[in-house]
Amino acid sequence: MSPLPAGKVLAFAARGERRCLGVRRGGRWTACPYAAVLDGAGAKDRCASCDRLDRSRSVAADTMADDPRPYGVYLAYFGPGLLKVGITAAERGPARLVEQGAVAYAWLGRGPLMAARRAEALLGSALAVPDRFGKAAKRAARAALPPVADRIAELSRLHGRARELTGWPETLEPAEFSCVDHTELFGLDRIPAAAGELGGLTAGAEIVGEVVAGVGADLYLRLRQAGAPSGGGGTAVLDARGLSGWVLEAASGPVTTVPVREGARGAAGGRAAGRTSGQEGGQEGLF
């Protein structure tokens, strides 16, 4: 169960400076030795030095090729035409798909890390299936999702094409097609098409609103805003990754003071390729 169910009222403020959270190494969390101050509006919760340390031994950065754990290869659906391929440690189950806000997904196979990487690369080269989409494209797609049956059909077609490719790694055990849809888990039916976007936090900024839905790191809130009837306002999405590193305290006022900008609408676009963690909506070593 989500700790932030629909209808829950949040009212918090950012205090002080946003600080780097450090890095997890050797099974334990190590605090940032520099106590680095971060950009309050950014999604990254580590400074450049801690980020380099983390990626020096990272599956996401291809610097951990000797990882002995089995890996799963998946197809993730974010909207019409927005299907990506990815891998995740089998022990994590579907957690990676939930973290990145996949509307639906299906497993392709399971096996050693390098076999999973070869399958991922094969789909990219043979079928032009990307390994990531930017945050803006994902949000825009949620505004006009087709029926569940259409999502399943699109995933099924790509799954079948993928399994027919020559050069499929022999050590990767194939998975029969089975689709998991996250409509109910995320509350996708509650997300309005015209949701705005909350800007980044700054010291003293306050957010007051009611939870509408949560999709990966995106939290949709029905805001309480100054000037709106009875303190009410529109719905806007907050990238919850931007909260990490801040000291959060109870809000002192009744309304949201963080600026809200108009959200993306219409057909999704802006595909982003590659594995550089600094890209918008990039993977942050969540394997």
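Conventions we followed
- Residues numbered from 1 in each chain as written.
- Predicted model: local features only at pLDDT ≥ 70, side-chain atom pairs only at ≥ 80, totals over all residues.
- Heavy atoms only, no water.
- Core = buried A, V, L, I, M, F, W, Y, C linked by side-chain atoms within 4.5 Å.
- Buried < 20%, exposed > 50% of the residue type's maximum accessible area, 1.4 Å probe, protein only.
- Helix = DSSP H or I, 4+ residues; strand = E, 2+ residues; numbered from the N terminus.
- Contact = heavy atoms within 4.5 Å.
- Pairing = 2+ DSSP bridges.
- Arc of directions from axis to C-beta.
- Salt bridge = Lys/Arg side-chain N within 4 Å of Asp/Glu carboxyl O.
- Phe/Tyr/Trp six-rings, centres within 6.5 Å; stacked < 30°, edge-to-face > 60°.

Trainee: Where do I start with the nonpolar core in this structure?
Mentor: General note: in soluble globular proteins, nonpolar side chains tend to be found buried as a group. Grouped together as the largest cluster of nonpolar side chains are 36 residues, with contacts concentrated most on Val73, Leu123 and Tyr220. Elements represented by at least two residues in this core include exactly strand S4 (71-79), strand S5 (82-89), strand S6 (104-111), helix H3 (113-127), helix H5 (148-163) and strand S10 (206-215). Examining the composition of this core, we find that seven residues originate from one element, H3, more than from any other. When residues no more than four places from it in sequence are discounted, the contact partners of Val73 are Val85, Gly86, Ile87, Trp107, Leu108, Gly109, Ala116, Ala119 and Leu172. Listed in part, the 16 residues of the second largest apolar core include Phe12, Ala14, Leu201 and Trp246.

Trainee: Just checking my understanding: could you explain helix H4 (residues 135-142) for this structure?
Mentor: Since the α-helix advances by 3.6 residues per turn, residues separated by three or four positions end up pointing in the same direction. Most of H4 is tucked away: six of the eight residues are buried. Among the residues of H4, Ala137, Lys138, Arg139, Ala140, Ala141 and Arg142 are the ones counted as buried.

Trainee: Whenever I open this one, the pairing of S5 confuses me. Can you help?
Mentor: For S5, a buried count of eight out of eight residues is recorded, marking the element as mostly surrounded by other parts of the structure. Here S5 shows no split at all, with Leu82, Lys84, Gly86 and Thr88 on one side and Leu83, Val85, Ile87 and Ala89 on the other all buried. Count of turn residues in the S4/S5 antiparallel hairpin: two residues, of which Gly81 carries a positive phi of about 80°.

Trainee: Please clarify how helix H1 (residues 48-55) should be interpreted in this entry.
Mentor: Looking only at H1, the buried set comprises Cys50, Asp51, Asp54 and Arg55. Take H1 and look down its axis: the buried residues cluster within an arc of 130°, on one side only. Of the exposed residues in H1, the ones pointing more than 90 degrees away from its buried face are Ala48 and Arg52.

Trainee: Hey, could you run me through the pattern of salt bridges in this one?
Mentor: Opposite charge on two side chains allows them to pair when their charged atoms are near. The full count for this structure, using the stated rule, is 19 salt bridges. Arg69 serves as the salt-bridge partner of Asp67, at 2.8 Å between the closest nitrogen and oxygen. Residue classification places Asp67 among the buried residues on the basis of a relative accessible area of 7%. Its relative accessible area of 23% is what places Arg69 among the partly exposed residues.

Trainee: For this particular structure, what's the right way to read the environment of Ala236?
Mentor: Assignment of secondary structure puts Ala236 in strand S12 (residues 232-239). Between the C-alpha atoms of Ala236 and Val212, which are 24 residues apart in sequence, the distance is 9.4 Å. Setting aside residues no more than four positions away along its own chain, Ala236 makes contact with Gly196, Glu197, Leu198, Leu219, Tyr220, Leu221, Leu223 and Val260.

Trainee: For this particular structure, what's the right way to read the pairing of S6?
Mentor: A regular strand places its side chains on the two faces of the sheet in alternate fashion. Counted residue by residue, S6 has six buried out of eight residues, so it is predominantly covered. Pairing analysis gives seven bridges linking S4 to S6, with the strands arranged antiparallel. Among the inter-strand pairings, Val73 is bridged to a residue of S6, identified as Gly109. Where S6 meets strand S8 (residues 179-181), three bridges bridge the pair, whose relative direction is antiparallel. Residue Ala106 lies in a different strand from S8, and its bridge partner there is Cys179. The pairing of S6 with strand S7 (residues 173-174) spans two bridges and is antiparallel. Looking at S7, one finds that Arg110 is bridged to Glu173.

Trainee: Which parts of the structure should I look at to understand the packing of aromatic side chains?
Mentor: What describes a pair of aromatic rings is the distance from one ring centre to the other and the angle between the planes of the rings. In this structure the tally under the stated criterion is three aromatic pairs. Consider the rings of Phe78 and Phe133, whose centres lie 6.0 Å apart with planes at 75°: the pair is edge-to-face. Note that Phe78 is positioned in strand S4 and Phe133 in the loop between H3 and H4, a separation of 55 residues in sequence. Classification of Phe78 as buried rests on a relative accessible area of 1%.

Shape descriptors only; they carry no functional weight alone.
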